[in-house]
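Chain by chain, the residues:
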Amino acid sequence: VFYAIGDVHGEIARLKELHAAILDFHRATHADLPMKLIHLGDYIDRGPDSAGVIELLMELDADDSVDTVNLRGNHEQMMLDAYSEGARDYRLHWLTNGGDATLESYIRRGHEDPPKAHLDWVRALPALHLEEDRRIAFVHAGVDPKTFPDCDEQVLLWTRSNRFFDPGRWDIGKLEGWQVVHGHTPTRDSRPQTAGQPPRRFNLDTGAVYGGQLTAGIFAPGGEAVRFLSV
């Protein structure tokens with residue numbers, strides 16, 4: 001069973017609460033099946049404790065008893081760009097898009113900047129995760145139906161194209177028959193969004209850092225309808 005989690009943006013208390021809710025749900029409904037946690041990116045910026053979220057995900061990553069996939073979002077990329085060579089403009093761009101809150105969360109821990117170990121971990125995160133057997137693609141922002149699965153990373157991290165948002169325009173290449181699970185674009189009603197008949201696109205960014213909810217999509221095998229957990 002895949003449990004995909006939308007944009008966290010430093011909301012560590014909500015993330016811990018959602019993890020606990022997922023564990024309870026799994027034990028109650030699918031205890032006989034393996035579970036996989038898939039975080040869709042944007043762990044940092046704007047919210048109260050981005051450093052804590054990165055620490056938590058790094059711990060989960062190192063825990064062999066938990067199967068996790070952590071994707072890179074555009075906010076992680078902005079942070080990486082801010083610490084690249086000759087990055088003055090990138091740094092300003094990051095700080096004015098919520099990076100100031102991330103920096104404060106590290107300063108509270110006694111760091112002037114994110115530690116190298118954190119930056120290295122973020123740098124190694126993939127931008128796309130494919131479950132070939134189930135034909136489900138997990139990504140931060142979305143994909144390009146024309147070039148999938150070999151999409152430009154800029155698309156995977158940033159896209160909000162009309163072509164991607166409309167699954168009726170997908171079946172022109174290798175995306176045929178796939179479902180895509182993403183975040184990045186906060187839903188207007190703080191509820192997860194599905195598109196297509198049957199549903200093929202699932203937007204799990206329900207605006208947690210804007211007063212909305214933090215949401216997980218539950219993708220069980222065997223043709224079960226997709227369900228959602230929100231906190």
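See the structure printed just above.
Calculation notes
Residues numbered from 1 in each chain as written. Predicted model: local features only at pLDDT ≥ 70, side-chain atom pairs only at ≥ 80, totals over all residues. Heavy atoms only, no water. Phe/Tyr/Trp six-rings, centres within 6.5 Å; stacked < 30°, edge-to-face > 60°. Helix = DSSP H or I, 4+ residues; strand = E, 2+ residues; numbered from the N terminus. Buried < 20%, exposed > 50% of the residue type's maximum accessible area, 1.4 Å probe, protein only. Expected span 1.5 Å × (residues − 1). Bend = angle between axes of the 7 residues up to and from the residue. Contact = heavy atoms within 4.5 Å. Core = buried A, V, L, I, M, F, W, Y, C linked by side-chain atoms within 4.5 Å. Polar contact = N/O pair within 3.5 Å; in protein donor to acceptor, adjacent residues only side chain to side chain. Salt bridge = Lys/Arg side-chain N within 4 Å of Asp/Glu carboxyl O. Pairing = 2+ DSSP bridges. Axes fitted to C-alpha atoms, helices over the stretch in contact; angles between N-to-C directions.

Enquirer: I'd like a description of the packing of aromatic side chains, backed by residues and values.
Expert: How two aromatic rings sit relative to each other is given by the distance of their centres and the angle of their planes. Summed over the entire model, instances satisfying the criterion amount to eight aromatic pairs. For the ring pair Phe-2 and Phe-138, a centre distance of 5.9 Å and an interplane angle of 85° mean the geometry is edge-to-face. Linking Phe-2 in strand 1 (residues 2–5) with Phe-138 in strand 5 (residues 136–139), this pair joins segments that are 136 residues apart in sequence. For the pair shown, Phe-2 and Phe-138 are each scored as buried. The interplanar angle of 10° and the centroid separation of 5.7 Å between the aromatic rings of Phe-164 and Trp-170 together place this pair among those described as stacked. The two residues Phe-164 and Trp-170 agree in class, both being buried. Of the aromatic side chains, those joined through ring pairs into one cluster are Phe-2, Phe-138, Phe-202 and Phe-219.

Enquirer: Go over helix 4 (residues 88–107) with me, naming the residues and quoting the values.
Expert: With 20 residues, helix 4 should reach 28 Å at 1.5 Å per residue; the first-to-last C-alpha distance of 20 Å falls well below that figure. Its axis deflected by about 85° at Gly-98, helix 4 carries its strongest bend there. Along helix 4, the residues that are buried comprise Trp-94, Gly-98, Gly-99, Ala-101, Thr-102, Leu-103, Ser-105 and Tyr-106. Against the buried residues of helix 4 lie helix 2 (50–62), helix 3 (74–82) and helix 5 (116–123).

Enquirer: Account for the nonpolar core, naming residues and giving values.
Expert: Ranked by size, the top nonpolar core spans 48 residues in total, and within it Ile-5, Tyr-43, Phe-138 and Val-181 carry the most contacts. Considering every element that reaches this core, the biggest residue donor is helix 2, with six residues. The contact partners of Val-181, leaving out residues within four places of it in the chain, are Ala-4, Leu-40, Ile-136, Ala-137, Phe-138, Val-139, Phe-202, Leu-204 and Phe-219.

Enquirer: I'd like to hear about the side chain of His-140, residue by residue, with values.
Expert: Mapped onto the fold, His-140 is located in the loop between strand 5 and helix 6 (153–158). Here Leu-40 takes part through its backbone oxygen, which lies 2.9 Å from a polar atom of the side chain of His-140.

Enquirer: So, the pattern of salt bridges: which residues are in play, and what are the values?
Expert: For side chains of opposite charge, pairing can occur when their charged atoms come near one another. One pass over the structure, following the stated rule, counts 10 salt bridges. Here Lys-116 makes a salt bridge to Asp-120, at a shortest N to O gap of 2.6 Å. On the criterion of helical spacing, the pair formed by Lys-116 and Asp-120 is a turn pair, its members being four residues apart in helix 5. The network of salt bridges with shared partners includes Asp-49, Glu-55 and Arg-109.

Enquirer: Account for the sheet that holds strand 4 (residues 128–131), with residues named and values stated.
Expert: What the five strands build is an open sheet, ordered 4-5-6-8-7; its pairing is mixed. Each end of this open sheet is capped by a strand with a single partner; those strands are strand 4 and strand 7 (193–195). Strand-to-strand twist of the sheet, defined as the mean angle between neighbouring strand axes without regard to direction, takes the value 15°. Sheet analysis places strand 5 next to strand 6 (residues 179–182), joined by three bridges and oriented parallel. Following the sheet pairing, Phe-138 is matched in strand 6 by Val-181.

Enquirer: Account for the sheet that holds strand 9 (residues 215–219), naming residues and giving values.
Expert: Read from one edge of the open sheet, five strands run 3-2-1-9-10, paired in mixed fashion. With partners counted over all chains shown, the strands left at the sheet margins are strand 3 (68–70) and strand 10 (227–230), one partner each. Mean inter-strand twist for the sheet, computed between neighbouring axes without regard to direction, equals 20°. Where strand 1 meets strand 2 (residues 36–39), four bridges bridge the pair, whose relative direction is parallel. Across the sheet, the residue bridging to Ala-4 is Ile-38, located in strand 2. Strands strand 2 and strand 3 of the sheet are contacted by helix 2, whose axis makes an angle of about 135° with strand 3.

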